[in-house]
Amino acid sequence: MDLNFTPEEEAFRQEVRDFFAENLPEDIRDAVKNGGELGKEIIERYHAILNKKGWLATTWPAEFGGPGWGPVERHIFDEEAAFAYAPRIVPFGLGMLGPVLQKFGSKEQQDHYLPRILDGTDWWCQGYSEPGAGSDLASLKTRAVRDGDEWVINGQKTWTTLGQHADWIFCLCRTDADVKQQEGISFILIDMSTPGVEVRPIKLIEGGHEVNEVFFTDVRVPYGNLVGEENKGWTIAKYLLTHERTGIAGVGFSMLELEETRELAKKVMRNGKPLSEDPLFAARVAQAEIDLEAMKLTNLRMLFTAQKNGAPGPETSILKIKGTVINQEFKDLRRRALGPNAAPFPGSLDGSNLDVAPAGNANNAARYFNNRKTSIFGGSNEIQRNILTKTMLGL
Amino acid sequence: MDLNFTPEEEAFRQEVRDFFAENLPEDIRDAVKNGGELGKEIIERYHAILNKKGWLATTWPAEFGGPGWGPVERHIFDEEAAFAYAPRIVPFGLGMLGPVLQKFGSKEQQDHYLPRILDGTDWWCQGYSEPGAGSDLASLKTRAVRDGDEWVINGQKTWTTLGQHADWIFCLCRTDADVKQQEGISFILIDMSTPGVEVRPIKLIEGGHEVNEVFFTDVRVPYGNLVGEENKGWTIAKYLLTHERTGIAGVGFSMLELEETRELAKKVMRNGKPLSEDPLFAARVAQAEIDLEAMKLTNLRMLFTAQKNGAPGPETSILKIKGTVINQEFKDLRRRALGPNAAPFPGSLDGSNLDVAPAGNANNAARYFNNRKTSIFGGSNEIQRNILTKTMLGL
Amino acid sequence: MNFDLTEDRQMLQDSLRRNLGDKYQIDHRNKVAYAEPFHDPAKWGELTELGALFALAPEAAGGMGGAGFDISVVFEELGRVLCPEPVLGALMASRLMTAAGADQEALLSGETRYAVGLGELDAPYDLDNITTSVSDGKISGRKSLVYGGQAADVFLVAAKDGGSLAIYEVAASDASVTGYAMMDGAGAAEVVFENAPAKLVLADAGAAIEDAVNAGIVALCSEAVGAMDVLHKMTVEYLGQRKQFGRPIGTFQVLQHRAVDMLTEIEQSRSIVIKAAAELGGPQASRYASMAKNLIGRAGRLVAEEAIQMHGGIAMTWEYPGSHYAKRIIMIDAQLGDTDYHLMRVAQAA
Amino acid sequence: MNFDLTEDRQMLQDSLRRNLGDKYQIDHRNKVAYAEPFHDPAKWGELTELGALFALAPEAAGGMGGAGFDISVVFEELGRVLCPEPVLGALMASRLMTAAGADQEALLSGETRYAVGLGELDAPYDLDNITTSVSDGKISGRKSLVYGGQAADVFLVAAKDGGSLAIYEVAASDASVTGYAMMDGAGAAEVVFENAPAKLVLADAGAAIEDAVNAGIVALCSEAVGAMDVLHKMTVEYLGQRKQFGRPIGTFQVLQHRAVDMLTEIEQSRSIVIKAAAELGGPQASRYASMAKNLIGRAGRLVAEEAIQMHGGIAMTWEYPGSHYAKRIIMIDAQLGDTDYHLMRVAQAA
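Criteria and thresholds
- Residues numbered from 1 in each chain as written.
- Chains lettered and ligands numbered in written order.
- Predicted model: local features only at pLDDT ≥ 70, side-chain atom pairs only at ≥ 80, totals over all residues.
- Heavy atoms only, no water.
- UniProt positions renumbered as here; feature names shortened; annotations may be inferred.
- Helix = DSSP H or I, 4+ residues; strand = E, 2+ residues; numbered from the N terminus.
- Buried < 20%, exposed > 50% of the residue type's maximum accessible area, 1.4 Å probe, protein only.
- Contact = heavy atoms within 4.5 Å.
- Areas by Shrake-Rupley, 256 points an atom, 1.4 Å probe, with all protein chains shown as cover.
- Salt bridge = Lys/Arg side-chain N within 4 Å of Asp/Glu carboxyl O.
- Polar contact = N/O pair within 3.5 Å; in protein donor to acceptor, adjacent residues only side chain to side chain.
- Buried area = accessible area lost by both parts, 1.4 Å probe.
- Domains from an automatic or database assignment.
- Nonpolar A, V, L, I, M, F, W, Y, C, P; charged D, E, K, R; others polar.
- Axes fitted to C-alpha atoms, helices over the stretch in contact; angles between N-to-C directions.
- Parallel < 35°, antiparallel > 145°, perpendicular 65-115°, else oblique.
- Left-handed = near helix turned anticlockwise from the far one by under 90°.
- Phe/Tyr/Trp six-rings, centres within 6.5 Å; stacked < 30°, edge-to-face > 60°.
- Lys NZ or Arg CZ within 6 Å of the ring centre and 35° of its normal.

You'll find chain C entered in an unreviewed UniProt entry as Acyl-CoA dehydrogenase, with Pseudooceanicola nitratireducens given as the organism. The record held by UniProt for chain C lists under Sequence similarities (unreviewed entry) the comment "Belongs to the acyl-CoA dehydrogenase family." Per its UniProt entry, chain C bears the Cofactor (unreviewed entry) comment "FAD".

If you check an unreviewed UniProt entry, chain A appears there as Acyl-CoA dehydrogenase from Pseudooceanicola nitratireducens. On record in UniProt, under Cofactor (unreviewed entry), the comment for chain A is "FAD". Note on chain A: under the UniProt heading Sequence similarities (unreviewed entry), the record states "Belongs to the acyl-CoA dehydrogenase family."

Encoded structure:
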C-alpha cells in the first residue's frame, strides 16, 4: 500500500504544471475562471497550444501521434489542467472518434482522419442520442440505407454538444431494422456540409448554447464512411462507454471548486461576519470536502486497478455517480454562498460597475443549473446504478 | 381556513388532560418515560383505568361500548395520552378485531367478544405475517381445512406482537388453495389454549421480547370462529389497512421526543458546553422540529378530509412514511446526544450508582434500534410508496 | 378546524387561476420575464384590475384582505404561472404603509408601483448591518437585489436613522436605478441613493419591517408551493408518457418512489405554509415564517433537482417549461433569507 | 502508487481471516460478547498467539508493524467477525507506551491486558475538560466507557497534572471497576479512582494522546469497513434469495439502486480509511482521522439503516447475524468522537 506517486510521476506533474504556467494565455484562463461559455476561437487556440507540445490527444498511443501516456500520467495531466484553469479538451474527435478509429477503423481512415483531428482541420461532434432514444440508446431510429456505394441517411440526432462548430459528425445509424435492436446499428461518419444536414441550436436552461439538434434529410455520404463492420456499431458504442473512464469523476475540477468556494466564503458577508465563519456553511463545505478527499482515493484506486488490468472495470460507474454528485454539491455551495446576489442573469450587470458577486462568481447560478446535466448525460446516474446492479451486485 | 380547534374540542382536550393528570399512576408514567418494555400487568391496569372512564375503545361507536368519538376527538385523545406518558393502547383487540367484528361479525360474535375485549377478559393478538409472507401478505400459507363443524389449522405465523400474553389470536388462513391468492383467504379466531398452538419468543435486535412466532399443528376450532364469509378474509385485511389511519403519524409521540431531546441536550456536555449550544446539533434538532411542525399540519389536514369524507384516503400513506421517518430521526438524535454514553446495554448499570445517561435516557440506543421496525411493519414504507404511486400519481 | 378556503378566497383563487393561465402562457411569460422591463406592463394593469393587490391589504387600510391566507392564495397562483409581475414589492410596501397608517390607494390600485429596498451587498438578510443612512432628509447608500426595482415608481427604503431602523420613501426619479433580469426571470435592480430626497414613512420601523419580511416569506413560500405543484404534475405526466426500453419510464420503480418523495415534501411544504400564514401578524409569526422558509428551501431543492433528473435532458432546455419552474423554485431559496439562515433562527429561538 | 497489500500484510490478513472466522461464529460471538467478562479469554489467548498485537507496534518498540496499514488490516478482520476482544485498548495503550519508550512486551504478548481511560461523563471526546487529577502520586476521578476496562489488568489514564495532560498507569486492582456489556456486544467499564497509586508514564502527553486517538480512529474505521462490507454482502445475498410477490426482492429496482448507493459509500469509506491510515503518525494525521470518522459515521448510518430496512423484519431480530453488524456499525460512531464532532474539527481547521 503506497499512496505516493513515483519520483518520475512527480517530475512529470511539475513539467505539466510548468507548461501551463508558461503557455496558457491569460485570457483563456480568465474565461474558464469566469465560467461562461468558451467560444470556438478559444478552444481552437488552446487545442493548438497542446498539440504543439504533443499533449493534445491524451489517450492516444505514440504511433498515432499521442503522448503514449498511461492512466496515471493522464490523471496527473487532467488534475494539473484543472488547477491551471485550462479549458476541458473537447472530447469528440480526440477522446472518442480517435480511439474508435484506432481500434475499429481502416488504415486509410486512420491515415486520413487522425492527423486532421490533431491539427484542428476537422472539428467533430457526436450523433448518438435522439429525441426518442436517450437512456435507451439502442432504440435509435435514424436510418442509413445503402444505395450503391453511398449511404442515404434520414433522421434526427439531439444533444449534439458544440455541433454548431463542427465539420464532421460521427453517427450511430440503424442499418437493419429487422434484427434485434443492438444488432442493426452502424457507425458512420458524415461531413456536416453535405446537403440535407441541418443544425438547430438548443438553448439550455441557463440560457447557454452548447448543444444542438441535427437533422438529416436524404443525406448522401460514401459507403466507405462506415467505421468497422456494417451492423456492428453497437460494439463501438459499448467500447466508448467503458473507454477511459478513470477521469470521469472530475476530481481536479471539484478540487478547484472547493478552493473557489472557500475563497468566496471569506469574501461574502452574512450576519455581519464572513460566511466562512458561519458554522452551518462551514459544515456543508467540510462535508463536501471529506467526500471529495475520499473520491480522490477512490479514483486513484480504480486508476491503479485499470493500470494493472489494462482496462477500467464496471466499478468505474461509482466514479460517475459520486463524482457528479460531489461536483454538483460544490456548484450548489457556490451559488448558495452568494445568497440573493446569485440572482442576476449572466452578463446583466456587465459594464455597470455595480457587480453584486465577487470576481469570477457572477455566473455561479448559471453554472449550478448547467451542471445538472452531468448526472444525466454520458449514461445517467440511474443507468450507472443499473450497470452496477448487474456487474457488482449480481442482482 | 381555520387551524383552531372549536371551544368544545378545546374543552375536551382539557378534560382528557385532567383525566390523565388525575388517573395515570406514577409508576406507569415512569415506566413509559424510561422506554423499556412494559409488562402485562401495567398494560392491563392501564386498560382498566381507561375502560372505567369509557375511553378504552377509542374508535368504537357508542352502541358497542365505545366513546363514539370522531377523528378529531381521537386525535386530541392520542396527543394528550402521549403528552401524559401514557402507554399506547394495545391495538389488536381494541383497534383491530373490534372494528372488524363490528363491521363483519355476526351478532353473536359481537355480543360475545366485544365486552370481553373491553373488560380485559381476552387479550388478543394478530396472526397475519408468515415467514414467507411479509410485504406480500396475500401469499400466506397457513391452511385451515374444514372438517365437519371444525376448522383444522396448520401453519406458522410470525411477528406476533405481545402474543406471549394473548388468550386469542385472529388469523388470516388459506381456505382455498385453488383460486387467485387473495380469493382463498379467511379470517378465523383461535383460542390460544387449543391443543397444537405453540408460541415461541423472538428476541429483537435490542434484546427485547415483544414479538413471537406462533405455530399451529392440527389445531381444531369451531367452524363458527370464522368472521365474515369464507374466502373473503382479504376484504377484512384491506379494511383494516385503511381503517383509522389518521393516528399513524404518531405526532404526539414525536412532540414528546422533541421535548425530551431538548431537555437532554441541556444536560449533556460537549466541548465544555451544553450540547444544546452546539450549532450542528441545534441545527439537527431544529430541522427535525420543522419537519414535525409541518407533519402536525399535514396530519390535521388529512384528519379534516377524513372527517369530511367519512373515511381517510390513500394520501394517509404519507403520514406513515414521513411520520415514521421523523420519529426515527428523533430516536437517532436522542441516541446521538449521549455520545459514547449511549453504549451500555439496557439495565447493565442498574443499581450501580454509576449511570452514564441522565434519567430516562439509559435506553436511548435500545429505543433507536427497536424503533427501526416502524418503517417496516404495518405495510413497509416501500409498500406505502407503491400504494401512493398507484393512487396519488396514477403511474 | 377547517382547511377549506372561505368562499371569498375560493372565488379569488378561481378568478386568478382562470385569468393568469391565459395571460402567462409560458412563451409569453419567458418573453416578458427576460426582456426589459422584465414584466408585462399591460398585464400588470389587468392583474391589478382583478383586484389582486387589494387582496393583500386589510380593510382598515383600504384593502379587502391582508390576512396570511389571502396572501397565500394570491401568490400560489402567481407561482403556478411563474408570474413576473412585481407583486412582492407591492405586498411588502403595503405592509409597511399599513403599519405607518399611510394612504395606499395608489399602491393597491396598481397605479403607482412600489418596490422595497431592504438588503444590501454585505447584509443581504440581516438588517442590523445595513449602512444606508439618512441625514437632513437626504438618503445615501445602495440597495441590492431590489425585487421589482427596475419597474418601480417609488421605493420604500430601510435606512439607519441614528441608531434605529426607519423606512423612507424615495421617488425612483431621485435614485440611480440599474435594472436587470434575474436567472429565473422577472426583474430586480441595484438602487443607489446619493443624497436623494427621502420622506420619513415610519420611524422605529424594526417591528414593521419584520412583519413585512414575514409577509414576504409567506408570499414566496406560497409561490414556491404553486410552482412545485405544477412542476411535480409535469414530471408525473412526463413519466407516464416518455418511453424508454419499450415502456413508460413511470413504470420504473425507482422513479415512482422518488416521485412519491417529491409529493410528500410538497404536502409538507403546503402544511408549513398554512401554519406560517395562520400565524402572520401574531407573536409567533417570525418563528413560523422561518420554519416555512427552511422547509421550502429543502423541499424546493429536492423537487427541482429530481424533476430535472427524472426528465433526463429535456428539462435542461430553455424550451421545456419545467426548466423555468425548476429555476424559480431553486432561486426562491435565496430571497428574504435562505435555508440555513432560517434554520439558525429556529435553532436559536429554541 | 500501489493499493495492493504488502506480502507480509497479505499474510497477516489471510491468517486472521482464516482463524477469526472459525473462532467467532456468530452464536459463539454473541454468547461471549454479552456475558461476563464480555469477551472470550481463551480466544484472546489464541488471537494474541497469532501475533495480532505485535502487528500493532513498531519494531523499535518490540512489535512487528505499527503503521496505519497494519492497524487497518487487523481491525478490518476484527470487524468482519464482530470480534469482542479488547484489542482497541491494547492498540491505544501501545501507542502511548511507544511514545513513552516504555517496555510493552507484556502488552504485545497478550499476557497483560491494558485499557485506556480518556473520556469522562462530561468530557466524552474533548480531553481539555477532563477532571481526573493526580497529586502526590495518587489519582482521583472517574473514567467513563473505558473500552475493555471490564477485562483489564492495567489502566493507562489521562489525568490533569497541574495544567497539562499526563498519562498514568494504575493497576486494575487499585481501581473500582464496574464492567458491563455494550448494546453492540463486548465490554466496557466505569472506572473510579479514589486516591489510587498512579505511576507516571508520560508527562505532557497531549501529542501522544492525540496520536493514540488517531490510531484508535483508524482502527475503529477499519473495523467499520469490515463490518459494513459483510453486512452489505449479507444484504445483497438476502435480496437475491428472499421472494415476495413471486420474485426475488432483489429484482425490485428501488432496492437495487439503494444497494448500489450502499456500495458506493462503502467504497468511499474504504478510500478515506486508506488515506487516514497512510497519514497516521504524520503532521496531517488528525485532519484525516477526523475526515475518516465523519465519513464512516455517515456511511455507517446509511448502510446499517438501509440493511435493516431492506431485510424488512428479519434484521430486527437478535437471531439474524445482520442485526449485530448493524448495531456495531451504528455504535462505532460514538466512539472517539462522532460524525458532528469530527466534522467541526475539519471545518475549523480549514
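Turning our attention to the overall build of chain C. In terms of helices and strands, chain C carries 11 helices and 10 strands. For the C-alpha atoms alone, the extent of chain C along its principal axes is close to 75 × 45 × 40 Å. The 350 residues of chain C split such that 69% are buried. Pairs at least 24 residues apart make up 72% of the contacts formed inside chain C by residues separated by at least 6 positions. Carbon and sulfur atoms form 48% of the exposed surface of chain C, whose accessible area is close to 11400 Å².

This brings us to the UniProt feature "domain: Acyl-CoA dehydrogenase/oxidase N-terminal" (unreviewed entry) in chain A. Mapped onto the present numbering, the UniProt feature "domain: Acyl-CoA dehydrogenase/oxidase N-terminal" (unreviewed entry) falls at residues 6-120 of chain A. In residues 6-120 of chain A, helix accounts for 69% and strand for 0%; the two terminal C-alpha atoms are 34 Å from one another.

With that settled, consider the environment of Met183(C). In this fold, Met183(C) is placed in the loop between β6 (176-181) and β7 (187-197). Under the relative-accessibility criterion, Met183(C) is labelled buried at 1%. Each C-alpha atom, one on Met183(C) and one on Lys327(C), is 7.4 Å from the other, the two residues being 144 residues apart in sequence. Aside from chain neighbours lying at most four places away, what touches Met183(C) is Glu206(A), Ala343(A), Pro344(A), Phe345(A), Pro346(A), Ala365(A), Ala366(A), Phe369(A), Tyr34(C), Lys327(C) and Met331(C).

In this section: the UniProt feature "domain: Acyl-CoA oxidase/dehydrogenase middle" (unreviewed entry) in chain A. With numbering matched to this structure, UniProt assigns "domain: Acyl-CoA oxidase/dehydrogenase middle" (unreviewed entry) to residues 125-219 of chain A. Taken end to end, residues 125-219 of chain A is 0% helix and 51% strand, and its first and last C-alpha atoms sit 17 Å apart.

In the structure shown here, the tally under the stated rule is 100 salt bridges over all chains. Note that Glu305(D) is salt-bridged to Arg372(B), the shortest N-O span being 3.2 Å. Of this pair, Glu305(D) sits in helix α9 (residues 285-311) while Arg372(B) is found in the loop between α11 (364-371) and α12 (381-393), placing the two residues in two different chains. No difference in accessibility class separates Glu305(D) from Arg372(B), as the two residues are buried. Among the charged side chains, a salt-bridge network with shared partners connects Glu329(A), Asp332(A), Arg335(A), Arg336(A), Arg372(A), Arg301(C) and Glu305(C).

Mapped onto the elements of the fold, Asp126(D) is located in the loop between β1 (114-117) and β2 (133-135). Within the local environment of Asp126(D), its side chain forms a polar contact with the backbone nitrogen of Asn271(B), the two atoms lying 3.3 Å apart. Once residues within four sequence positions are removed from consideration, Asp126(D) is found in contact with Arg270(B), Asn271(B), Gly272(B) and Tyr341(D).

Further remarks concern the interface of chain C and chain A. Contact with chain C, which involves 49 residues of that partner, is made by 51 residues of chain A. Approximately 4200 Å² of surface area, both sides summed, lies buried where chain C meets chain A, with 62% of it carried by carbon and sulfur atoms. On the chain C side of the contact with chain A, Met183(C), Met316(C) and Trp318(C) bury the most area, a combined 17% of that side's loss. Linking Arg284(A) and Asp340(C) is a salt bridge whose minimum nitrogen-to-oxygen distance equals 2.7 Å. Across the contact surface, chain C and chain A share 23 residue pairs in polar contact (both at pLDDT 80 or more).

This part covers the domain arrangement of chain A. By the assigned domains, chain A splits into domain 1 (7-89), domain 2 (124-233) and domain 3 (245-391). Look at where the C-alpha atoms of domain 1 of chain A and domain 2 of chain A centre, and you get two points 30 Å apart.

Another point: the interface of chain C and chain B. Often, the extent of an interface is quoted as the loss of accessible area upon association of its parts. Every contact between the two is made by 40 residues of chain C and, on the other side, 37 residues of chain B. Together, Met1(C), Phe3(C) and Gln268(C) form the three largest contributors to the area buried by chain C at its contact with chain B, with a combined 22%. Our count for the contact surface shared by chain C and chain B stands at six salt bridges. Here Arg301(B) ties to Glu267(C) by a salt bridge, and the two come within 2.7 Å at their closest N and O atoms. Contributing elements (two or more residues each) for the side of chain C that touches chain B: α7 (206-241), α8 (253-279), α9 (285-311) and α11 (339-349) of chain C. Broken down by element, the side of chain C that touches chain B gets its largest block of residues, 17 residues, from α8(C). Its residues placed into classes, the side of chain C that touches chain B shows 20 nonpolar, 12 polar and eight charged.

This part takes up the packing of helix α9 (residues 279-309) of chain A against helix α10 (residues 317-338) of chain A. Residues and elements named next belong to chain A. It is at 10 Å that the axes of α9 and α10 come closest, and there the two elements cross at 155°. Taken together, the axes of α9 and α10 are roughly antiparallel relative to one another. At the point where α9 passes α10, the crossing takes the left-handed sense. Contact residues: α9 offers Phe281, Arg284, Val285, Ala288, Glu289, Asp291, Leu292, Met295, Thr298, Asn299 and Met302, while α10 offers Ile318, Leu319, Lys322, Gly323, Ile326, Glu329, Phe330, Leu333, Arg336 and Ala337.

Bringing the packing of aromatic side chains into the picture now. Overall, the coordinates contain 50 aromatic pairs over all chains when judged by the stated rule. An angle of 85° between the planes, with centres 6.1 Å apart, marks the rings of Tyr128(A) and Phe170(A) as edge-to-face. Within this pair, whereas Tyr128(A) is found in the loop between β1 (124-127) and β2 (143-147), its partner Phe170(A) is found in strand β4 (residues 168-174), the two being separated by 42 residues in sequence. Here Tyr128(A) matches Phe170(A) in class, with each residue buried. Summarising the aromatic geometry, the rings of Trp124(B) and Phe170(B) are spaced 6.3 Å apart at their centres and angled 40° between planes, so their arrangement reads as tilted. Taken as a pair, Trp124(B) in strand β1 (residues 124-127) and Phe170(B) in strand β4 (residues 168-174) lie far apart in primary sequence, 46 residues in all. Residue placement shows Arg335(A) over the ring face of Tyr368(A); its charged tip is 4.3 Å from the ring centre.

Let us now look at the packing of helix α8 (residues 251-267) of chain A against α9(A). Residues and elements named next belong to chain A. One way to put it is that α8 packs onto α9 with a least axis distance of 10 Å and a crossing angle of 160°. The angle between α8 and α9 places the two elements in the roughly antiparallel class. The hand of the α8/α9 crossing is left-handed. In contact with Val251, Ser254, Met255, Leu258, Thr261, Arg262 and Ala265 of α8, α9 contributes Phe281, Val285, Glu289, Leu292, Met295, Lys296 and Asn299. Considering only residue class, the contact of α8 with α9 consists of eight nonpolar, three polar and three charged.

On to the UniProt feature "domain: Acyl-CoA dehydrogenase/oxidase N-terminal" (unreviewed entry) in chain C, then. Those residues carrying the UniProt feature "domain: Acyl-CoA dehydrogenase/oxidase N-terminal" (unreviewed entry) are residues 6-86 of chain C in this numbering. This span, residues 6-86 of chain C, is 58% helix and 0% strand, and a straight line between its end C-alpha atoms measures 26 Å.

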